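# Residue-level structural notes
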Amino acid sequence: MNKEAIRQQIVDTANRRYATKKYDPHKHIDPADWQTILEAGRLSPSSFGYEPWKFILINSPQVKEDIRPFAWGVANSLNGADKLLLILARTDVTYDSDYVRGLVEGLHHHQFSPDSKASQSFKHFQERDMAINNDRERFDWASKQTYIAMANMMTAAAELDIDSCPLEGFNYQKMDDYLTTHGIIDPKHWRASVMVSFGYRDQPIKPKVRQPLGQIYEELN
Ligand SMILES: Cc1cc2nc3c(=O)[nH]c(=O)nc-3n(C[C@H](O)[C@H](O)[C@H](O)COP(=O)(O)O)c2cc1C
């Protein structure tokens, strides 16, 4: 494919992805397509490579009904999306956490010490440069990163002609309480970040309404 065709394909995919409000409950995503979408999430970039996320596929009809009363923005997806994914963000990523130790030693096969240069530069970045010093601030930082994974998954889906909808229309406190009381998360480590649904639309794709580039883009020369 030549460069111009690739450019056109990128723009076509961006136009094709839209927040699907009505899904066809009879259409299902091919398992290989689903694995590809998950792979697009898994391979997403994260700060320092610390992957502060978990992707939970909600298949349980009971869980879907339980969350419905406090998930107003998710109702359309609950009614027909083939896949409903809850993305969790970690609250516990610190320079001296067991989680980071596990990643550095177990995944990257490097030596770990909270006193090492690498650990200390992460500590300074987090605590001084980003002013991240408590669970809530760590969650917000991790949550921002989960949205990158979500976006990559939605773009991958659009390339496969699969529809999607990003979802933060739910009560976060009630969701975290529900996930905690049902043993789905340990709130010392996780909170709900965002949800996203995938499936096949039962409505035409809505044309994009966006501000012109001139209004949202500037160059500092
Ligand atoms: C972070 C985020 C959260 C959103 N939450 C919801 C939601 O809870 N329910 C919903 O139906 N749409 C939700 N949307 C979809 C937006 O309404 C939609 O993306 C926007 O209107 C632009 O339309 P488009 O995505 O079709 O281009 C959300 C979008 C984003 C980016």
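The structure presented is a predicted model; accordingly, all values stated were derived computationally and were not measured. Starting afresh in each chain, residues are numbered from 1 along the sequence in its written order. Totals for whole chains, interfaces and linings use all residues, but because this is a predicted model, local features are given only for residues with pLDDT of at least 70 and pairs of side-chain atoms are given and counted only at 80 or more. Only hydrogens and water are set aside; all other atoms, that is, all heavy atoms of the structure, feed into the side-chain values.

Now for the UniProt feature "domain: Nitroreductase" (unreviewed entry) in the chain. UniProt positions are given in the numbering used here, feature names are shortened, and annotations may be inferred rather than shown by experiment. Residues given the UniProt feature "domain: Nitroreductase" (unreviewed entry) here are residues 16–200. Taken end to end, residues 16–200 has its terminal C-alpha atoms 12 Å apart, with 44% of it in helix and 15% in strand. Numbering of helices and strands runs from the N terminus; a helix is a DSSP stretch of H or I covering at least four residues, while a strand is a stretch of E covering at least two.

Our focus in this paragraph is the site of the ligand. In the vicinity of the ligand lie 13 residues, with Ala19, Lys21, Gly169, Lys208 and Arg210 positioned nearest. Between the ligand and Lys21 there is a distance of 2.8 Å, counted from an oxygen atom to a side-chain nitrogen or oxygen. Think of a polar contact as two N or O atoms within 3.5 Å of one another; within protein, one of them needs to be a possible hydrogen donor and the other a possible acceptor, and neighboring residues in sequence only count if both atoms come from side chains. In this structure, an oxygen atom belonging to the ligand sits 2.8 Å away from a main-chain N or O atom of Gly169. Here the ligand loses 68% of its free accessible area of 620 Å² to cover by the protein chains. Considering each element in turn, the shell around the ligand owes the most residues, 3 residues, to strand E3 (residues 163–167). Under this grouping Gly is polar, as are all residues other than the nonpolar Ala, Val, Leu, Ile, Met, Phe, Trp, Tyr, Cys and Pro and the charged Asp, Glu, Lys and Arg. Among the residues making up the shell around the ligand, the classes are represented as 6 nonpolar, 2 polar and 5 charged. Throughout this document, a residue counts as near a molecule or strand when at least one of its heavy atoms sits within 4 Å of that molecule or strand. Using the Shrake-Rupley algorithm and a 1.4 Å probe, accessible areas are obtained, with residue cover drawn only from the displayed protein chains.

On to a nonpolar patch on the surface. Patches here: salt-bridge-free residues with over 30% relative accessible area, like charges joined within 9 Å, nonpolar side chains (Val, Leu, Ile, Met, Phe, Trp, Tyr) joined within 5 Å. Just to be clear on terms, a salt bridge is a Lys or Arg side-chain nitrogen sitting within 4 Å of an Asp or Glu carboxyl oxygen. A surface patch of nonpolar side chains, amounting to about 340 Å² of accessible area, comprises Met1, Ile6 and Ile10. Note that Met1 resides in the segment before helix H1 (3–16).

Following both chains from N to C, one finds helix H2 (residues 31–42) and helix H7 (residues 135–159) inclined at 150°, their axes separated by 7 Å at the closest point. Judged by the twist between their axes, the crossing of H2 over H7 is right-handed. Two secondary-structure elements touch here, H2 through Ile37, Leu38, Ala40 and Gly41 and H7 through Ala149, Asn152, Met153, Ala156 and Ala157. Taken together, the residues that form the contact of H2 with H7 break down as 7 nonpolar, 2 polar and no charged. In this analysis an axis means a line fitted to C-alpha atoms, helices contributing only their contacting stretch, and an angle means the value between N-to-C directions, from 0 to 180 degrees. Note on convention: near helix rotated counterclockwise from far helix by under a right angle means a left-handed crossing. Clockwise means right-handed. The contact rule is simple, with two residues in contact once any of their heavy atoms fall within 4.5 Å.

The next point concerns the side chain of Gln126. Relative to the helices and strands, Gln126 is located in helix H6 (residues 117–129). Residue classification places Gln126 among the buried residues on the basis of a relative accessible area of 2%. Apart from the residues lying within four places of it in its own chain, the contact partners of Gln126 are Val93, Thr94, Tyr95, Ala131, Ile132, Arg138 and Trp141. Between buried and exposed lies partly exposed: a residue is buried under 20% and exposed over 50% of the maximum accessible area for its type, with that area taken using a 1.4 Å probe on protein chains only.

In terms of backbone geometry, most residues other than glycine have negative phi values and most peptide bonds are trans. Even without glycine at this site, Phe48 takes up a positive phi of about 60°. Although it is not a glycine, Ala131 adopts a positive phi angle of roughly 55°. Mapping Ala131 onto the fold places it in the loop between H6 and H7.

Turning our eyes to something else, we now look at the sheet that holds strand E2 (residues 83–90). Paired strands are those between which DSSP finds at least two bridges. Strands sit in the order E1-E2-E4-E3 across an open sheet of 4 strands; the sheet is antiparallel. With one partner strand each, in any of the chains shown, strand E1 (53–57) and E3 form the two edges of the open sheet. On average, adjacent strands in this sheet sit at an angle of 25° to one another, irrespective of strand direction. Where E3 meets strand E4 (residues 190–199), 5 bridges bridge the pair, whose relative direction is antiparallel. Each residue of the ladder has a partner; that of Cys165, found in E4, is Ser197. Its contacts with the sheet place H2 against E1, E2 and E4, and it is angled at close to 160° to E1.

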